[in-house]
Amino acid sequence: GIVYITNGQYIASHDPATSSGNTQAFNLGVNWVAVGLETYGNYLAIVARQRNVDPLGLGMGESRLFLWDGFTPTPNYVYDLGDSLVTAIKKHEGNLFMFTQGKNNATRVKVLLGNRIITIFENAGIGNSPKQGGVESFKGLLCWLQDGPSSWNMSALQEIFSHPVYSDRG
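Residues numbered from 1 in each chain as written. Predicted model: local features only at pLDDT ≥ 70, side-chain atom pairs only at ≥ 80, totals over all residues. Heavy atoms only, no water.

## Topic: the overall build of the protein chain
For step 1, the next point in the chain: From N to C terminus, the protein chain includes zero helices and 14 strands.
For step 2, the next point in the chain: From first element to last, N terminus to C terminus, the protein chain shows the α and β order β-β-β-β-β-β-β-β-β-β-β-β-β-β.
For step 3, the next point in the chain: For the protein chain, the residues scored as buried account for 39% of the 170 residues in total.
For step 4, the next point in the chain: Contacts spanning at least 24 positions in sequence make up 36% of the contacts within the protein chain whose residues lie at least 6 apart.
For step 5, the next point in the chain: Summed over all atoms, the accessible surface of the protein chain reaches about 9,100 Å², with 50% contributed by carbon and sulfur. (Helix = DSSP H or I, 4+ residues; strand = E, 2+ residues; numbered from the N terminus. Buried < 20%, exposed > 50% of the residue type's maximum accessible area, 1.4 Å probe, protein only. Contact = heavy atoms within 4.5 Å. Areas by Shrake-Rupley, 256 points an atom, 1.4 Å probe, with all protein chains shown as cover.)

And the structure:
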């Protein structure tokens, strides 16, 4: 029943039953910015990117997935996404999918499998990774609008569970 909201380096919380809230319920850490969140089992799954700490803007940051139980002061699990930018997270058919972009500007779709992050899709020719809110589940497909200049193209992953990495889902 708690509502969670991205709030820069913090996750804010609001309890509609009591009208109480906390603008700093969870601290991702200095230079981290929450991009999106989803519920995932007993956790809140939060994707965040590192603010560019290079004053010249030449350096690339990191991106991470945080799993948080909603009450402890530190994350329960932290996963490096292996790219400099994470743009969205979506729960689809019980799995967490993260959309990232790296130095080569390829859009990547990653999934959390057990305790590993696996890249299941990569394409440098479809524009930027979609923003949070631009990804949806529709008729068994994971669909997104491509985030590019004057782009109204849509992409989808079909039969994602036939991907070879799912053979070791145990």
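Next comes the rest of the description.
## Let's talk about the nonpolar core
For step 1, the next point in the chain: Judged by nonpolar contacts, Ala88, Phe97, Phe99, Val109, Val111, Leu113, Ile118, Ile120, Ile126, Val135, Leu142 and Trp144 together constitute the single largest core of 12 residues.
For step 2, the next point in the chain: Counting residues per element, the ones that place at least two in this core are strand E9 (95-101), strand E10 (107-113), strand E11 (116-123) and strand E13 (141-145).
For step 3, the next point in the chain: No other element matches E10, which puts three residues into this core.
For step 4, the next point in the chain: Sequence-distant contacts of phenylalanine 99, defined by excluding residues within four places in its chain, comprise Leu85, Val86, Thr87, Ala88, Arg108, Val109, Ser129, Pro130, Val135, Leu142 and Trp144.
For step 5, the next point in the chain: If you look at the next biggest cluster of nonpolar residues, it comprises 11 residues, including Tyr79, Leu81, Leu96 and Leu112. (Core = buried A, V, L, I, M, F, W, Y, C linked by side-chain atoms within 4.5 Å.)

## Regarding the sheet that holds strand E2 (residues 10-15)
For step 1, the next point in the chain: Strand order in the open sheet formed by three strands is E1-E2-E3, and the pairing between neighbours is antiparallel. A strand with exactly one partner marks an edge of an open sheet, and here the two such strands are strand E1 (3-7) and strand E3 (20-27). Here the strands of the sheet are splayed against their neighbours by 25° on average, with no regard to which way each runs. (Pairing = 2+ DSSP bridges. Axes fitted to C-alpha atoms, helices over the stretch in contact; angles between N-to-C directions.)

## As for the pattern of salt bridges
For step 1, the next point in the chain: Counting across every chain of the model gives five salt bridges.
For step 2, the next point in the chain: A salt bridge links lysine 110 to aspartate 83; the shortest N-O distance between them is 3.8 Å. Here lysine 110, found in strand E10, pairs with aspartate 83, found in the loop between strand E7 (77-80) and strand E8 (85-92); they are 27 residues apart in sequence, far enough to count as distant.
For step 3, the next point in the chain: A salt bridge links lysine 90 to glutamate 136; the shortest N-O distance between them is 3.4 Å. (Salt bridge = Lys/Arg side-chain N within 4 Å of Asp/Glu carboxyl O.)

## Points about the side chain of aspartate 69
For step 1, the next point in the chain: Take aspartate 69: it is sitting in the loop between strand E6 (63-68) and E7.
For step 2, the next point in the chain: Buried charge without a salt bridge: aspartate 69, with lysine 91 as the nearest opposite-charge side chain at an N-O distance of 16 Å.
For step 3, the next point in the chain: Of note is the side chain of aspartate 69, whose polar atom sits 3.0 Å from the backbone nitrogen of phenylalanine 71.
For step 4, the next point in the chain: At 3.0 Å, the side chain of aspartate 69 and the backbone nitrogen of threonine 72 are in polar contact.
For step 5, the next point in the chain: When neighbours within four sequence positions are excluded, aspartate 69 is seen to be in contact with Asn42, Tyr43 and Asn76. (Lys, Arg positive; Asp, Glu negative; His and termini not counted. Polar contact = N/O pair within 3.5 Å; in protein donor to acceptor, adjacent residues only side chain to side chain.)

By themselves, these figures tell us nothing about what the structure is for.
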